[in-house]
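Spelled out from the first residue to the last, the chains are:
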Amino acid sequence: AQSVTQPDIHITVSEGASLELRCNYSYGATPYLFWYVQSPGQGLQLLLKYFSGDTLVQGIKGFEAEFKRSQSSFNLRKPSVHWSDAAEYFCAVGAPDDYKLSFGAGTTVTVRA
Amino acid sequence: NAGVTQTPKFQVLKTGQSMTLQCAQDMNHNSMYWYRQDPGMGLRLIYYSASEGTTDKGEVPNGYNVSRLNKREFSLRLESAAPSQTSVYFCASRDGATGYTFGSGTRLTVV
């Protein structure tokens, strides 16, 4: 069975500073990997996804993520955080031949001025 | 705008009452899903429909039923609501190439 761990429940970062959110997954082969963002009271918006190919993936809003097979990780990064990046972030994994996503518990990001 | 539409957005039920959450997508996706979101637990899959005419249980199906009415619509029914079903419910549809699109959610409180 596939599973996702997001080790950090809450991260506080200063505006303009860099951000890295950790994601570790468990799956027997190369999975499909996703990062979603959720603003308060809103649905989930896809930031980026990895299916295959280049292990450094660019997404929307200036985010990127790197797939590291040896570490079973798919960490999300942003070089310079904006106040509007305050939200909850979810990492998710799906099997290529399956229809179901498994989500991590989420990381809440607070941005201080 | 194309996407996934959920109704209602908010609902309060008394224990034992029944209700149906509606979901419709206009992207011609084959697969549709119902998830629930609880604090500290991420999203958990309740039921999914890989294609029109099929439905399957997910991780937490107890207390729920679903109907894939046609390719566009996938409803979730609570036959006898319990306080443990207080949650935010998300419907999603899936395209093989682009991934999942989520609705804006239904916030359900069972008292």
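As the structure is a prediction and not an experimental result, all values here were calculated from the model.

> Before we go on, may I ask you to explain the state of the cysteines in this structure?
A disulfide bridge is the covalent bond that connects two cysteines by way of their sulfur atoms. Residue and element names in this part refer to chain A. In this structure the tally under the stated criterion is 2 disulfides over all chains. Sulfur-sulfur distance for the disulfide between Cys23 and Cys91 comes to 2.0 Å. With the S-S bond torsion at -65 degrees, the cross-link from Cys23 to Cys91 turns out left-handed. Here the residue Cys23 occupies a position in the loop between β3 (19-21) and β4 (24-26), and Cys91 occupies one in strand β10 (residues 87-94), the gap between them amounting to 68 residues.

> Sorry if this is basic, but what is going on with the side chain of Arg36 of chain B here?
Residue and element names in this part refer to chain B. Among the secondary structure elements, Arg36 is positioned in strand β4 (residues 31-37). In this structure Arg36 comes out as buried when scored by relative accessible area, which is 8%. Here Tyr64 takes part through its side chain, which lies 2.9 Å from a polar atom of the side chain of Arg36. Those residues within four positions of Arg36 in sequence are excluded, and the remaining contacts are Gly42, Leu43, Arg44, Ile46, Val60, Tyr64, Ser84, Gln85, Thr86, Ser87, Val88 and Tyr89.

> Even after reading the chapter, I still don't get the layout of surface pockets, so can you show me in this structure?
Looking at the largest pocket, its volume works out to about 360 Å³. Of all the secondary-structure elements, those providing two or more residues to the lining of the largest pocket are β10 of chain A together with β9 (87-95) and β11 (106-110) of chain B. Counting residues per element, the lining of the largest pocket draws most heavily on β9 of chain B, which supplies 3 residues. Of the residues contributing to the lining of the largest pocket, the split by class is 7 nonpolar, 11 polar and 4 charged.

> When you look at the pattern of salt bridges in this model, what are you seeing that I'm missing?
Side chains that carry opposite charge are capable of pairing whenever their charged atoms lie near each other. Scanning the entire structure with this criterion turns up 7 salt bridges over all chains. As a salt-bridge pair, Asp38 of chain B and Arg36 of chain B come within 2.9 Å of each other at their nearest N and O atoms. When the shortest N-O distance is used, the salt bridge between Arg44 of chain B and Asp38 of chain B registers 2.8 Å. The pair Arg44 of chain B / Asp38 of chain B is uniform in exposure class, with both members buried. Three or more residues joined by partner-sharing salt bridges are found here, namely Glu64, Glu66 and Arg77 of chain A.

> What is the right way to look at the interface of chain A and chain B in this model?
You'll often see interface size given as the accessible area lost when the parts meet. Between chain A and chain B, the residue contacts involve 19 residues of the former and 22 residues of the latter. Both sides of the chain A and chain B interface together cover about 1,500 Å² of buried area, and 59% of this is carbon and sulfur. Together, Leu44, Tyr99 and Phe103 of chain A form the three largest contributors to the area buried by chain A at its contact with chain B, with a combined 36%. Remark: the boundary between chain A and chain B carries 0 salt bridges. Taken together, the connections running from chain A to chain B amount to 2 residue pairs in polar contact (both at pLDDT 80 or more). Secondary-structure elements contributing two or more residues to the side of chain A that touches chain B are β5 (32-38), β6 (44-50), β10 and β11 (101-103) of chain A. For the side of chain A that touches chain B, the residue count by class is 10 nonpolar, 5 polar and 4 charged.

Here is what the cut-offs are and how they apply
Residues numbered from 1 in each chain as written. Chains lettered and ligands numbered in written order. Predicted model: local features only at pLDDT ≥ 70, side-chain atom pairs only at ≥ 80, totals over all residues. Heavy atoms only, no water. Disulfide = S-S within 2.5 Å. Helix = DSSP H or I, 4+ residues; strand = E, 2+ residues; numbered from the N terminus. Buried < 20%, exposed > 50% of the residue type's maximum accessible area, 1.4 Å probe, protein only. Polar contact = N/O pair within 3.5 Å; in protein donor to acceptor, adjacent residues only side chain to side chain. Contact = heavy atoms within 4.5 Å. 1 Å grid on protein atoms, 1.4 Å probe; cavity = no way out; pocket = protein on both sides within 12 Å on 5 of 7 lines; lining within 4 Å. Points joined across faces, edges and corners; volume = space filled by probe spheres on them. Nonpolar A, V, L, I, M, F, W, Y, C, P; charged D, E, K, R; others polar. Salt bridge = Lys/Arg side-chain N within 4 Å of Asp/Glu carboxyl O. Buried area = accessible area lost by both parts, 1.4 Å probe.

Function cannot be read off these values alone, since they describe shape.
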